[in-house]
Amino acid sequence: MSNVITWVPACKLDDIEQEGAIRFDHGGRTYAIYRGPDDSVYCTAGLCTHEAIHLADGLVMDYEVECPKHSGAFDYRTGEAIRLPACENLKTYPAEIVDGEVRVALG
Amino acid sequence: MDRILIIGAGESGTRAAVALRESGFTGSLTLVGTEPHLPYERPPLSKPLDGAVQMKPICGAEALEAAGIDYRPGISASRLDADARSVALGDGQTRVYDKLLLATGARPRQLTCPGAERALDFRTYADAAAIFARAESGRQVAIIGGGLIGMELAAVLRGKGIDVSVIEMAPKPLGRAVPPRFAARLHARHEEEGVVFHLGQGLSEITDDAVVLSDGSRVPADIVVSAIGVQPDVALAEAAGLAVGNGILTDPYLRTSDPNIYASGDCAAVAQPGGGHMRFESWRNARAQAEVAARNMAGGKEAFAAIPWFWTDQYDLGLQVAGLPHPDHQSVTRQLEGGELEFYLDGGRLVAAAGLGLGNGIAKDIKLSEMLIAAGVSPDPGALADASVNLKALLKSARAA
């Protein structure tokens, strides 16, 4: 395991609605990148842990994203599953904004 | 009170068992189901992966055991004695309960024409396995019934290159649960995909290689699937003298006419604020009623008031409906990129919303609509029609008001 973080450019901050999410595919995997109500950004695995549904299609309210199919919900800052049927936490990845560009560390 | 018995281990019965533990119930808890498997989710049955039917357990054996749920698969309930508070089970045992939940679900309506026994049902894992084991390219499948289940199956089978005919008594498919605008769009999409519709037609016979329609024409088919709807499984309740109608009748707290017996899910017809009883057949309803019934059995008194909601996926299109759209409602349409929403107003108040779009593209907006419906708002129809007006902003201003 390396201590060097590899940042991957993902999108512009303006590509994501405030209190919104977009899907980001990279290296054969899919992720969701969120813009919180305070304009901070976060990144999680892209698929709900209950069934393989893209979370970026779900509603983001405050710091919560809801699966568009089964209404399971996660705190996207920590990946914590906060409503059934989701019970397994989401993996999270570091995300930051540099000069209006969002980059994520997927290592 | 220390013994709770649940009859029916589908989505509702199983969710209720887990929810009872979440509500702090610590007594004995038995979950009885007629099917031989672990409790499983039904929605994936119409979505085979690589040709194989998906068996997705609602929870594993370890999780049931860890929660102290005594799960008894493969057992039917033969008699309920509400006075003795006991249920005789198919394995010869009699279980005594303090509180009972009936989550007996629904079973497919049966065709009555000659040859009806040749038609396959589509409800259980075993049903789905039987259909998909035979359904391969080059086959001809006739689906009796153009409702949600029949049309989902048609889409999946067309995706496998199978010839599909849909036979429906009504003049149009999807007439019952889907608003006309979206039913027409889905119908058109099925026709584009090559599904052959025989509408306004009854059946006169099912033979080895065809379905004979009431006008005498023959629809060639080597597999016939019956998808003409379900009826609530009320037999146990009815024989025990509980009040039944189109389902086991309950009050708003999901209690049947016997105060120690509750009902939830497809089998339950719940008293409505405006009078009458309503029964809903959906995944979410099964879970939402289970949760309310569980909390009430554990000592709560919560009226069931969730807004009905369902989804269906056909080809790459996803439809979601929240609330109960009615032809008398004022409808307002909003065009989206890759989809369309329709809102339904009753005396100005938003009471239902539906959307059809690519994938889960309309899911967010339907969820926000559901929250707007729950908030009891009467939005400006112009704002609803205008895609530049953010529904989340409408919700926030309604909540601030």
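Each chain carries its own residue numbering, running from 1 in the written order of its sequence. All chains are assigned letters beginning at A, and all ligands numbers beginning at 1, according to the order in which they are written. Totals for whole chains, interfaces and linings use every residue, but because this is a predicted model, local features are given only for residues with pLDDT of at least 70 and side-chain atom pairs only at 80 or more, for both listing and counting. The basis for every side-chain value is the complete set of non-hydrogen atoms in the structure, without hydrogens or water.

Visitor: Requested: an account of the overall build of chain B, with residues and values cited.
Guide: When its secondary structure is counted, chain B shows 10 helices and 26 strands. Since a compact globule built from 401 residues should have a radius of gyration of about 21 Å, the 22 Å found for chain B is in line with a globular shape. Taken over the C-alpha atoms alone, chain B extends approximately 65 × 60 × 40 Å along its principal axes. For chain B, the residues scored as buried account for 52% of the 401 residues in total. Residues count as neighbours in contact if any of their non-hydrogen atoms are within 4.5 Å of one another. In chain B, the proportion of contacts linking residues at least 24 apart, taken out of those at least 6 apart, comes to 60%. Here chain B has roughly 16900 Å² of accessible surface; of this, 50% comes from carbon and sulfur atoms. On chain B, the mean spot of the 38 positive side-chain charges and the mean spot of the 47 negative ones are 5 Å from each other. Helix numbering and strand numbering both begin at the N terminus, where a helix is a DSSP run of H or I of at least 4 residues and a strand a DSSP run of E of at least 2. Radius of gyration means the value over C-alpha atoms here, while the globule rule gives 2.2 Å times the residue count to the 0.38 power. Accessible area is worked out with a 1.4 Å probe on protein chains only. A residue is then buried under 20% of its type maximum, exposed over 50%, and partly exposed in between. A 1.4 Å probe and the Shrake-Rupley method give the accessible areas. Residues count as covered only by the protein chains that appear here. Charge assignment: positive for Lys and Arg, negative for Asp and Glu; neither His nor the chain ends contribute. For this purpose, a charge sits on NZ of Lys, CZ of Arg, CG of Asp or CD of Glu.

Visitor: Lay out the domain arrangement of chain B in plain terms, naming residues and giving numbers.
Guide: Accessible area lost upon the coming together of the parts serves often as the stated size of an interface. All names here are of chain B. Parsing chain B into structural domains produces domain 1 (3-107 + 231-297), domain 2 (116-226) and domain 3 (316-400). Boundaries of every domain are those given by an automatic assignment or by a domain database. Centre-to-centre separation of domain 2 and domain 3, based on C-alpha positions: 31 Å. Between domain 2 and domain 3, the contact holds seven residues from the first and 14 residues from the second. Of the roughly 870 Å² buried where domain 2 meets domain 3, counting both sides, 67% is carbon and sulfur surface. By definition, a salt bridge exists where a carboxyl oxygen of Asp or Glu is found within 4 Å of a side-chain nitrogen of Lys or Arg. The tally of links from domain 2 across to domain 3 stands at four salt bridges. Considering only residue class, the side of domain 2 that touches domain 3 consists of four nonpolar, no polar and three charged. Joining two parts hides part of their accessible area as seen by a 1.4 Å probe, and the buried area is that hidden amount summed over both. Side-chain classes are defined by residue name, with Ala, Val, Leu, Ile, Met, Phe, Trp, Tyr, Cys and Pro counting as nonpolar, Asp, Glu, Lys and Arg as charged, and the others, Gly among them, as polar.

Visitor: Hey, could you go over the pattern of salt bridges for me, with residue numbers and the actual values?
Guide: For the structure on display, the rule yields 35 salt bridges over all chains. With a closest N to O distance of 2.9 Å, Glu11 of chain B and Arg287 of chain B form a salt bridge. Of this pair, Glu11 of chain B sits in helix α1 (residues 11-22) while Arg287 of chain B sits in helix α7 (residues 283-297), and the two are 276 residues apart along the sequence. For Glu11 of chain B, a relative accessible area of 10% gives the class buried. Through salt bridges with shared partners, a single ionic network connects Glu64, Glu66 and Arg83 of chain A together with Lys367 of chain B.

Visitor: Can you tell me about unusual backbone geometry, naming the residues and giving the values?
Guide: Most peptide bonds adopt trans geometry, and most residues besides glycine take a negative phi value. Residue and element names in this part refer to chain A. That bond from Leu84 to Pro85 is cis: its omega, 5 degrees, falls within 30 degrees of zero. Considering the arrangement of structural elements, one finds Pro85 in the loop between β8 (80-83) and β9 (92-93). At Glu19, a residue that is not glycine, the phi angle is positive and equals roughly 55 degrees. Despite not being glycine, Ser71 shows a phi value in the positive range, around 65 degrees.

Visitor: Could you give an account of the pairing of strand β3 (residues 29-35) of chain A, naming the residues involved and the relevant values?
Guide: As a general feature of sheets, a regular strand has side chains that alternate between the two faces. All names here are of chain A. Among the seven residues of β3, six are classified as buried, and the element is accordingly described as predominantly covered. Here a strand pair is declared whenever DSSP counts at least two bridges between the two strands. Bridge analysis of strand β2 (residues 20-26) against β3 gives seven bridges, and the strand direction is antiparallel. For Ala21, the partnering residue across the bridge sits in β3 and is Tyr34. Pairing analysis gives five bridges linking β3 to strand β4 (residues 41-45), with the strands arranged antiparallel. The residue of β4 that forms the bridge with Tyr31 is Ala45. Connecting β3 to the next strand, β4, in antiparallel fashion are five residues, including Asp39 with a positive phi near 70 degrees.

Visitor: Any chance you could break down the nonpolar core for me, citing the residues and the numbers?
Guide: All names here are of chain B. Take the buried Ala, Val, Leu, Ile, Met, Phe, Trp, Tyr and Cys residues and link them wherever side-chain atoms come within 4.5 Å; each set so joined is a nonpolar core. Core analysis: the biggest nonpolar cluster contains 46 residues, and Ile6, Ile7, Leu80, Leu100 and Leu102 have the highest contact counts within it. Broken down by element, this core gets its largest block of residues, six residues, from α7. If we skip the residues at most four places from it in the chain, Ile6 touches Gly13, Ala16, Ala17, Leu20, Leu29, Thr30, Leu31, Val32 and Leu101. Tyr40, Phe122, Val141 and Leu153 belong to the second-largest nonpolar core, a separate cluster that totals 36 residues.

Visitor: I'd like a description of the environment of Leu153 of chain B, backed by residues and values.
Guide: Residue and element names in this part refer to chain B. Among the structural elements, Leu153 can be located in helix α4 (residues 148-159). On the basis of relative accessibility, which here comes to 0%, the residue Leu153 falls in the buried class. Considered as a pair, Leu153 and Ile131 are 22 residues apart in the sequence and their alpha carbons are 9.9 Å apart. Setting aside anything within four residues of it in sequence, one finds Leu153 in contact with Phe122, Ile131, Phe132, Ile143 and Val225.

Visitor: Tell me about the environment of Tyr93 of chain A, and name the residues and values.
Guide: All names here are of chain A. Tracing the chain through its elements places Tyr93 in strand β9. You can call Tyr93 buried: its relative accessible area is 12%. When the C-alpha atoms of Tyr93 and Ile33 are compared, they prove to be 9.5 Å apart, with 60 residues separating the residues in sequence. Setting aside anything within four residues of it in sequence, one finds Tyr93 in contact with Tyr31, Cys43, Thr44, Ala45, Ala105 and Leu106.

Visitor: How would you summarise the interface of chain A and chain B if you had to cite specific residues and measurements?
Guide: Listed as interface residues are 18 residues of chain A and, on the opposing side, 23 residues of chain B. Taking both sides of the interface into account, the surface hidden between chain A and chain B amounts to around 1700 Å²; carbon and sulfur atoms contribute 50%. Among the residues of chain A in contact with chain B, Leu59, Met61 and Lys69 of chain A are the three that bury the most area, contributing 34% of the side total. Our count for the chain A to chain B interface comes out at three salt bridges. In this structure, the salt-bridge partner of Lys396 of chain B is Glu19 of chain A, at a minimum N-O distance of 2.3 Å. N or O atoms within 3.5 Å of each other form a polar contact, as long as, within protein, one can give a hydrogen and the other can take it, and as long as residues adjacent in sequence are counted only when both atoms are side-chain atoms. The tally of links between chain A and chain B comes to 11 residue pairs in polar contact (both at pLDDT 80 or more). Residue composition of the side of chain A that touches chain B, grouped by class: eight nonpolar, four polar and six charged.

Visitor: Break down the sheet that holds strand β1 (residues 3-7) of chain B for me, with residues and values.
Guide: Residues and elements named next belong to chain B. Taken together, five strands build an open sheet; the order of strands is β3-β2-β1-β7-β19 and the sheet is parallel. Bordering the open sheet on either side are β3 (70-72) and β19 (261-263), each of which pairs with just one other strand. Taken pair by pair, the neighbouring strands of this sheet meet at an average axis angle of 15 degrees, ignoring direction. The pairing of β1 with strand β2 (residues 28-32) spans five bridges and is classified as parallel. Within the sheet, the bridge partner assigned to Arg3 lies in β2 and is Ser28. Set on the sheet, α1 makes contact with β1, β2 and β7 (99-102); between it and β2 the angle comes to about 170 degrees. On top of the sheet, α7 reaches β1, β7 and β19; it is set at about 170 degrees to β7, its chief contact. Here, axes are lines fitted to C-alpha atoms. For helices the fit covers the stretch in contact, and angles between N-to-C directions go from 0 to 180 degrees.

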